[in-house]
Amino acid sequence: MKVGFVGLGIMGKPMAKNLLKAGYEVIAYDPFAKANLDEVVEAGAARGESNADVASKSDVVITMVPNSPNVKEAVFGTAGIAEGAKEGLDIIDMSSIAPLASKAIAEECAKKGIRMMDAPVSGGEPKAIDGTLSIMCGGPKDLFDKYEEMLGVMGASVVHCGDVNGAGNTTKLANQVIVAVNIAACAEAFELAQMAGVDPEKVFQAIRGGLAGSTVMDAKVPMMLDRNFKPGFRVDLHIKDLNNALETGHSLGSAMILTSAVQEMLQWLHNNDCGSNDHSGILKYYERINGTALNRKDA
């Protein structure tokens, strides 16, 4: 199977490399990440000259780009995937975009004889590297069945969330809401411990195995304690996802109270030059308003 891969950023690069390791023939392209493209080509991929060129040489094209307008441009723009598509081409959009945009793009693709599935991911760069992402898929079940094994090369969990295009992205938005609120709750709780004079490291060890424990806590609290804000998932990307969640929620009449509050924290970080920090940097918002920096007792 010849797999086109468009978008080789923090997530796309390791995902493409995992496909290569599994023996898939990959044709890669990214006009904005030349160094990453060079690295993927060095790992064994063929170099695409444009999105259309990638499509013309592939059985399926994976897109992994920042947001809805970028997916539209990659598919329908000048020298886009649709322009180079041969008969029977499928698209798997693994970007995290608005569900209604995903549905609209899929409908437009169908007019051109292209089938599409949305398959956004969760897990950040570490899980993209080791191939253990959670992949949430929306679209026809037979299309999911066709590519489930291939997606399993990039993810430890590959779930079909619904037959409607956008079901995967709706699931991803739910994931991003829970992750954002969880990180904010951790920052708030561990700042409380710090200000009460209790060692945050000991609080972490005491509660991580109980009901409050979570994958988010295990991944992000040690980063907070180490003051390591190297991005696994950037603040600015989480702002994008929560914007999509708020837009979708508002269009449905769904209350988004906690999401709105955390979005304001993330926006403060963006406005204070922390947009490229890991989203665990929500801690910095609490430190600013509390006037107390989180640190290990032995630090």
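So, a few notes on the structure that sits alongside this text. (Residues numbered from 1 in each chain as written. Predicted model: local features only at pLDDT ≥ 70, side-chain atom pairs only at ≥ 80, totals over all residues. Heavy atoms only, no water.)

On to the overall build of the chain, then. Across its full length, the chain holds 14 helices and 9 strands. Since a compact globule built from 299 residues should have a radius of gyration of about 19 Å, the 20 Å found for the chain is in line with a globular shape. In the chain, the proportion of contacts linking residues at least 24 apart, taken out of those at least 6 apart, comes to 67%. A total accessible area of about 13,200 Å² is found for the chain, and carbon and sulfur atoms account for 53% of it. Computed over 28 positive and 37 negative side-chain charges, the inter-centroid distance for the chain is 2 Å. (Helix = DSSP H or I, 4+ residues; strand = E, 2+ residues; numbered from the N terminus. Rg over C-alpha atoms; globule rule 2.2 N^0.38 Å. Contact = heavy atoms within 4.5 Å. Areas by Shrake-Rupley, 256 points an atom, 1.4 Å probe, with all protein chains shown as cover. Lys, Arg positive; Asp, Glu negative; His and termini not counted. Charge placed at Lys NZ, Arg CZ, Asp CG, Glu CD.)

On to the environment of E83. Within the secondary structure, E83 sits in helix α5 (residues 81-84). E83 sits in the exposed class, given a relative accessible area of 59%. Residues E83 and T259, spaced 176 residues apart in sequence, show a C-alpha to C-alpha distance of 38 Å. With residues near it in sequence (within four places) discarded, E83 still touches A52, V75, G77 and T78. A polar contact of 3.0 Å, which involves the side chain of E83, links it to the backbone nitrogen of A79. (Buried < 20%, exposed > 50% of the residue type's maximum accessible area, 1.4 Å probe, protein only. Polar contact = N/O pair within 3.5 Å; in protein donor to acceptor, adjacent residues only side chain to side chain.)

One non-glycine residue, A79, lies in positive phi territory at about 55°. In this structure, A79 sits in the loop between α4 (68-76) and α5.

Here the focus is the pattern of salt bridges. Counted under the stated rule, the structure contains 13 salt bridges. E39 is paired through a salt bridge with K17; the nearest N and O atoms lie 2.8 Å apart. Highlighted residues: E39 in helix α2 (residues 34-42) and K17 in helix α1 (residues 12-21), separated in sequence by 22 residues. Relative accessible area serves as the criterion here: at 30%, E39 is assigned to the partly exposed category. Judged by its relative accessible area of 23%, K17 falls in the partly exposed class. (Salt bridge = Lys/Arg side-chain N within 4 Å of Asp/Glu carboxyl O.)

It is worth spelling out the pairing of strand β9 (residues 155-162) at this point. Two faces make up the sheet, and in a regular strand the side chains alternate between them. Two elements, strand β8 (residues 133-138) and β9, share 6 bridges in a ladder whose sense is parallel. Across the sheet, S134 pairs through a bridge with S157, a residue of β9. After leaving β8, the chain enters helix α8 (residues 141-151) and then returns to the sheet as β9, a path that is right-handed. (Pairing = 2+ DSSP bridges. Right-handed = clockwise from strand over helix to strand, strands pointing away.)

We now examine the packing of aromatic side chains. Throughout the structure, instances matching the rule amount to 3 aromatic pairs. Seen from their ring centres, W268 and Y285 are 5.8 Å apart, and the 75° between their planes marks the pair as edge-to-face. Linking W268 in helix α13 (residues 257-271) with Y285 in helix α14 (residues 282-290), this pair joins segments that are 17 residues apart in sequence. A residue is classified by how much of its surface remains accessible, and Y285, at 22% relative accessible area, is partly exposed. An aromatic cluster of three or more residues is present, and its members are W268, Y285 and Y286. (Phe/Tyr/Trp six-rings, centres within 6.5 Å; stacked < 30°, edge-to-face > 60°.)

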